[in-house]
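Coordinate inspection notes
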Amino acid sequence: MTKTFRMDEAQPRLLDETGQGVVGAPLDRPEGKLKVTGRARYAADGLPPGAAHGVLVRATVAAGRIAGIDAASVSGIAGMLGVFHGPRFLRNPAQGMAGAAPVQPGDEVHYHGQPIALVVAESFEAARDAAQRLAVTYEETGPVVTDPAASDRLERQDPVTAGDFEAGFAASEVTLDRSYTTAPHAAAAMEPHAALAEWDGDRVTLRGALQMLRFNRQELADSLGIPAGNVRILSPYIGGGFGSKLGIGPEAVAAALAARALGRPVRVVMARQTVFDAVLRRTETLQRLRLGADRDGRLRALSHDDRVSNIEGEGFAEPVSQASQFLYGADGLSFAQTLARVSRTPAGSVRAPGEAVGMLALEQAMDELAEMLGICPVELRLRNLPEKNPVTGQPFSARRLADCLREGAERFGWAGRGAPGSRREGDWMLGMGMASAARSNMLVPSAARVRLDGSGAVVETDMTDIGTGSYAILGQIAAEMLGLPIDKVEVRLGDTSFPGASGSGGSFGANSAGSATFLAAKAIRETLAARMGCDMSELTLQDGIARGGNREMPLSELVGGQIVEEASIEAGETSESHFSSGFGAHFAEVAVHAYTGEVRVRRMLGVMAMGRILNEKTARSQALGGMIWGIGSALTEEMVHDPRTGHVVTRDLANYHVPAHADVPGDMQVVFLEERDDMANPIQTKGIGELGISGAGAAVLNALRHASGARVRDMPATPDRVIAAMEAAAG
Amino acid sequence: MRAFDYVRADSPAAAAAQLEEGTSVIAGGTNLLDLMKIQVMTPSRLVDITRLDALRGISPAGEGLRIGALVTNAELAADGRIREGWPLLSRAILAGASAQIRNKATTGGNLLQRTRCPYFYDTAMACNKRSPGQGCAAAEGAGRMLAIFGTSEHCRAAHPSDMAVALAALGAQVEILSASGATRQVPVTELHRLPGDRPDRETVLEAGEIIAAVHLPAPQPQTRQVYRKVRDRASYAFALVSVAAVVRLEEGRIAEASLAFGGVAPRPWMDPHAQETLIGGVPGDALFARAADRLLEQADCHPDTEFKLPLLRRSLVAALREATGMTDPAPGVETARIPA
Ligand SMILES: Cc1cc2nc3c(=O)[nH]c(=O)nc-3n(C[C@H](O)[C@H](O)[C@H](O)COP(=O)(O)OP(=O)(O)OC[C@H]3O[C@@H](n4cnc5c(N)ncnc54)[C@H](O)[C@@H]3O)c2cc1C
Ligand code: SF4
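These figures come from a predicted structure and were not determined experimentally.

1. Overview of the overall build of chain B
Helix and strand content of chain B: eleven helices and twelve strands. Judged by the C-alpha coordinates and their principal axes, chain B covers about 60 × 50 × 30 Å. Within the span of chain B, comprising 340 residues, buried residues form 60% of the whole. Looking at chain B as shown, the accessible area adds up to about 12,900 Å², and 47% of this sits on carbon and sulfur atoms. Both charge centroids of chain B, one from 37 positive and one from 37 negative side chains, sit 4 Å from each other.

2. Focus on the domain arrangement of chain A
Residues and elements named next belong to chain A. Annotation of chain A at the domain level lists domain 1 (2-41 + 444-573), domain 2 (52-142 + 195-269) and domain 3 (353-441 + 580-730). The C-alpha-based centres of domain 1 and domain 3 are spaced at 35 Å. Every contact between the two is made by 32 residues of domain 1 and, on the other side, 24 residues of domain 3. The largest contributions to the domain 1 side of the interface with domain 3 come from Arg 13, Ser 507 and Asn 511, which together make up 24% of the buried area. The interface formed by domain 1 and domain 3 contains four salt bridges. Two residues, Lys 617 and Asp 28, come together in a salt bridge whose shortest N-O distance is 2.4 Å. For the pair domain 1 and domain 3, the number of links is 15 residue pairs in polar contact (both at pLDDT 80 or more). Mapped by element, the contributors of at least two residues to the side of domain 1 that touches domain 3 are β1 (3-7), α1 (14-17), α11 (470-482) and α12 (509-532).

3. Examining the site of ligand 2
Surrounding ligand 2, one finds 14 residues, the nearest of these being Cys 117, Cys 127, Cys 136, Cys 155 and Arg 156 of chain B. Within the shell around ligand 2, the residues separate by chemical class into ten nonpolar, two polar and two charged.

4. What to know about the packing of aromatic side chains
Residues and elements named next belong to chain A. The tally for this structure, following the rule as stated, stands at 13 aromatic pairs over all chains. Each ring, one from Trp 414 and one from Phe 587, has its centre 5.6 Å from the other, and the planes form 75°; the classification is edge-to-face. Within this pair, whereas Trp 414 is found in the loop between α10 (401-412) and β19 (423-425), its partner Phe 587 is found in strand β28 (residues 581-593), the two being separated by 173 residues in sequence. The burial state of Trp 414 is the same as that of Phe 587; both residues are buried. Members of the aromatic cluster, each reached through a chain of ring pairs, are Phe 326, Phe 396, Phe 579 and Phe 583. A cation sits over an aromatic face here: Arg 351 above Trp 629, 5.4 Å from the ring centre. Here the basic side chain of Arg 603 rests over the ring of Phe 412, its NZ or CZ set 3.8 Å away from the ring centre.

5. Quick notes on the site of ligand 1
All names here are of chain B. In the vicinity of ligand 1 lie 32 residues, with Val 25, Gly 29, Thr 30, Thr 106 and Asp 162 positioned nearest. Within the contact set of ligand 1, an oxygen atom lies 2.9 Å away from a backbone nitrogen or oxygen of Ala 27. Between ligand 1 and Leu 32 there is a distance of 2.8 Å, counted from an oxygen atom to a backbone nitrogen or oxygen. Going through the elements one at a time, α2 (32-37), α7 (107-112) and β8 (209-216) are the ones with two or more residues in the shell around ligand 1. At four residues, the largest contribution of residues to the shell around ligand 1 is made by α7. By residue class, the composition of the shell around ligand 1 is 16 nonpolar, twelve polar and four charged.

6. Digging into the pattern of salt bridges
All names here are of chain A. Scanning the model with the defined rule gives 78 salt bridges over all chains in all. For Arg 711, the salt bridge goes to Asp 367, with nearest N and O atoms at 2.7 Å. Placement of Arg 711 in the loop between α16 (696-708) and α17 (719-730) and of Asp 367 in helix α8 (residues 355-373) is noted, with a sequence separation of 344 residues between them. The pair Arg 711 / Asp 367 is uniform in exposure class, with both members buried. Residues Glu 490 and Arg 492 are paired through a salt bridge, measuring 2.9 Å at the closest nitrogen-oxygen approach. For Glu 490, a relative accessible area of 38% puts it in the partly exposed group. A network of salt bridges, in which partner residues are shared, links Arg 449, Arg 451, Glu 460, Glu 490, Arg 492 and Glu 566.

7. As for unusual backbone geometry
Residue and element names in this part refer to chain A. Of note, the bond from Gly 142 into Pro 143 is cis; its omega dihedral lies within 30 degrees of zero at 5°. Within the secondary structure, Pro 143 sits in the loop between β7 (135-140) and β8 (154-156). Between Met 715 and the following residue, Pro 716, the backbone shows a cis peptide bond with an omega angle of 5°. Tracing the chain through its elements places Pro 716 in the loop between α16 and α17. Of note, Phe 242 is a non-glycine position whose phi angle comes to about 55°, a positive value. Relative to the assigned elements, Phe 242 resides in the loop between β13 (231-234) and α6 (250-262). Phi at Asn 550 is positive, roughly 60°, even though this residue is not glycine. Summarising the element assignment, Asn 550 is placed in the loop between β25 (545-548) and β26 (551-554).

8. Structural notes on the state of the cysteines
Scanning the model with the defined rule gives zero disulfides over all chains in all. Cys 404 of chain A takes part in no disulfide bond, and the closest cysteine sulfur, belonging to Cys 376 of chain A, lies 16 Å away.

9. Looking at the sheet that holds strand β2 (residues 23-26) of chain B
Neighbouring strands of a sheet are bound in pairs by backbone hydrogen bonds; such pairs are parallel or else antiparallel. All names here are of chain B. One open sheet accounts for three strands, arranged β1-β3-β2; its pairing is parallel. Both outer strands of the open sheet, β1 (5-8) and β2, are each paired with one neighbouring strand and no more. Adjacent strand axes in the sheet meet at a mean angle of 25°, parallel and antiparallel pairs treated alike. As paired strands, β2 and strand β3 (residues 45-48) are joined by four bridges and run parallel to one another. Its bridge partner lying in β3, Ser 24 is registered against Leu 46.

10. Re the confidence of the model for chain B
Model confidence for chain B is summarised by a mean pLDDT of 95, while 96% of its residues fall at 70 or above. Across the interface, the model reports ipTM at 0.97; the global pTM reads 0.98.

11. Topic: the sheet that holds strand β22 (residues 456-460) of chain A
Residue and element names in this part refer to chain A. What the five strands build is an open sheet, ordered β1-β27-β21-β22-β23; its pairing is mixed. The open sheet has two free edges, formed respectively by β1 and β23 (489-492), since each of these has just one partner strand. Each strand of the sheet is rotated relative to its neighbour by a mean of 20°, with strand direction disregarded. Examined bridge by bridge, β22 and β23 share four bridges and lie parallel to one another. Looking at the pairing, Ala 457 lines up with Val 489 of β23. Running at roughly 140° to β23, α11 makes contact with β21 (446-453), β22 and β23 of the sheet. Taken strand by strand, α12 contacts β1, β21, β22 and β27 (562-571), and its axis lies near 135° from that of β27.

Rules used throughout
Residues numbered from 1 in each chain as written. Chains lettered and ligands numbered in written order. Predicted model: local features only at pLDDT ≥ 70, side-chain atom pairs only at ≥ 80, totals over all residues. Heavy atoms only, no water. Helix = DSSP H or I, 4+ residues; strand = E, 2+ residues; numbered from the N terminus. Buried < 20%, exposed > 50% of the residue type's maximum accessible area, 1.4 Å probe, protein only. Areas by Shrake-Rupley, 256 points an atom, 1.4 Å probe, with all protein chains shown as cover. Lys, Arg positive; Asp, Glu negative; His and termini not counted. Charge placed at Lys NZ, Arg CZ, Asp CG, Glu CD. Domains from an automatic or database assignment. Contact = heavy atoms within 4.5 Å. Buried area = accessible area lost by both parts, 1.4 Å probe. Salt bridge = Lys/Arg side-chain N within 4 Å of Asp/Glu carboxyl O. Polar contact = N/O pair within 3.5 Å; in protein donor to acceptor, adjacent residues only side chain to side chain. Near = heavy atom within 4 Å. Nonpolar A, V, L, I, M, F, W, Y, C, P; charged D, E, K, R; others polar. Phe/Tyr/Trp six-rings, centres within 6.5 Å; stacked < 30°, edge-to-face > 60°. Lys NZ or Arg CZ within 6 Å of the ring centre and 35° of its normal. Disulfide = S-S within 2.5 Å. Pairing = 2+ DSSP bridges. Axes fitted to C-alpha atoms, helices over the stretch in contact; angles between N-to-C directions. pLDDT = per-residue confidence, 0-100.

What follows is the structure, given as structure tokens:
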């Protein structure tokens, strides 16, 4: 029977007591070798016999109705098997944790690029040709509004407030009122979205590239109109998700429909262009920061308003000011959001929704304020750390932000940064910048099963590994708890027939699935202690030997046959009583070309406190990857929409510029400060997948300002914008 | 992708002879195959020239070099003679694409690669270059990568090659071979046509002609050569603007200057007036700015390319500062010097 544990109070730090010594160690990913040798089976790999190939067809009008789809227009192509469309097709992927079908628009077209049909053929090439040539007629309605600034369908949310912002702002000796914009972003995961569907009677098995299987199963079942029990999803390996694979997508539903109709497996792989056309993007933002402070740098007023966009029918609005609501304190705070309805590619969660863009503005504004006050930017932040969450009044569960700021400044050589514009090498100007990092922490219901027998242990959960290291850390937790060498634990993930977990999203996977694994293993420890006739606290398990009650025994003997435990966890009182977030500080040094406006990051340092680190290596990779995303959002990444149709013009990786190796400095350092978050979960961890991005880009942009005088408030800071800002600064 | 026939040519002339309507040469395939997958190019037949030894190799020709059409970008950039005598070419090639692509990409294919205008790559959007008479979706669309020189109302697309810009500044010639076996040479700057009202006709190659080689003239001793490419990320992106500069100083004054520009025109762009402005002058930002003024007189911008005016001006000044030794080469800058 599954034991559900509610996180109602701080738990003992059991992982500090156990003696195996694998938790925290920088171990390699167990599945790494499979991946680099091409043996890991991703969704599109390994076609079953008889599989057919489907290619999605996109709408080429921005709004209207499909008047006709002429299957005869492609029937002459050799190997054509059919053209599929209809009321069950999805308009766009489901939002994260939806658990139900997203909009199914029937014959309506809501955006240019919307998948409207699937053509299936014996070969991929034939299907692609047919998708290109399929004759579709539309009744167009339009023109459409693609520009959020021109939208008249504005949904204003009730502002979040604390204290009296207006009064605080009026009473401030120094005030700042600035607008910033960020570009729309793509998740740009390496693996394109793919699905392989196969039916057995009325049951469907889908191999997909999906992040949250427990929800995806419900979403697929609802989309197809069948019971969830008839759906099995396999997603053992995923080539990156970054939010773009949170919900079931058009490729999966189309593959399932076609496979059922044709009575054979159907594989649908999105072309890279389709990934840009039809996968949820991160919204562009317009942000207004108003800060008011005393001369000594104490914040009196802080307001962070934003406008984001989405297509009609999607509830998601990027939570831009999320971190601004707890990072600093002030007498009055106010946060207002407006959601503009536009005809653009639909928007959803992309890695660190909220912080990834909100902190670009907040942390630049803090830098601007520090400059106005003549106070060191590190010092300004230290002076404004609130005692409690300023909006909710909750105490922080664990917050080492001040330590991160001080430690980072020390290690980076911040004191030697010199006056603005004072360092130069040839035509390159050098400067340093910094920013705080914050990303709130979550616990999502999760279950896992652990089986121990004479040869070792097996962990099973439908948790996914999107490249982050889930296989590694779940194995480490189980090995630690059961006193086994790491190679005696096998981790099986990504299968809905296993206990349902949180999935990968919002940096909560390790906390949630990790806690469930911990709890299941802990239940096994209890059984073992009983068999040893000792107390749990007396039991030691190490290298396959159990000790306790003055006895010693090989674990294999103690287990006998096998012990199986399943456990689940959910958030409880502590999530009400305390506020949990990861914190950190980013430092960057950049070179800016005085003529061309090119920016090159010279080095970066992130000092982060994010609870217990389960695997020092995979955690570091997450932090580094996040910081590189920060570079991208600050300097290079920009999705461009056609002004008439709203579709994405930068539809491939040659035009959508994620940072290349040459954009990433060789000197990238990550330092973790020791921390345990007792209120977060029983393993005292915090999410680490998104903290690295949060604030990182602002550190780069603040360094750009320090080097060159250019303050780039419209991001990314491509050479044209840097030149304009340098010229503006020069007057 | 459409089905197509595939043939291997026995000789360069035989390859040329096969080039009727609907047939394309395939060399490295790094551009052609991408375009075939998205059906922007739908040849019914491919003539594979990659096994023709006659199109391979770099050999002396007069005081210069003859570079076979199949010499890969990687091979050319790494060649010791090129690095010593024409370092600009090596630097320009290395500023383009990625190591993997340069391993496959050929000299002929690089010159004939198609534009990167995103609407050209999208068969759902109107494009006169792809389908003459259809209209130009870029005119009122997103146009950051468009040209500012030599455009027409029918097409504003830029030629994306970096290598071609260096070849232009170095005064290279293209050797064109016809089915009869006859060859002719045209300057690299005249290989590509300006779009006018037929942007689909991109080069002066006639039906039944292929590129056989590129000829470099004698090296120019005592010149300093700089290729300066400015783009939206540090590597692996096409030029927003690029500047190739070959400059020789005599007693502190500019005696010779050859300039070519990339990312700004349907072909490598040269401007004799801008060059002349420099001759006899003492290197300095003011002199360089005068050259930029002359250059920019000819510019005609799409709203999204207005930024290229200050960017090109500044990039030209930056390149000339390096080419005249006013500033040290710094990180991310490709410059080289030829021994006298
Ligand atoms: C992601 C990406 C990034 C890139 N970045 C850059 C960059 O930054 N700078 C840059 O300059 N380039 C860049 N390139 C383009 C690259 O340089 C070209 O794709 C390459 O040079 C083309 O050479 P190829 O031999 O592969 O040509 P192919 O693809 O084989 O052919 C291209 C065209 O030339 C024709 N052709 C080829 N050889 C001959 C011949 N001998 N005679 C007649 N016709 C011929 C073909 O029919 C075809 O139309 C990039 C390409 C990619 C995919
Ligand atoms: S600029 Fe040229 S290539 Fe681009 S859409 Fe217009 S006609 Fe086509």
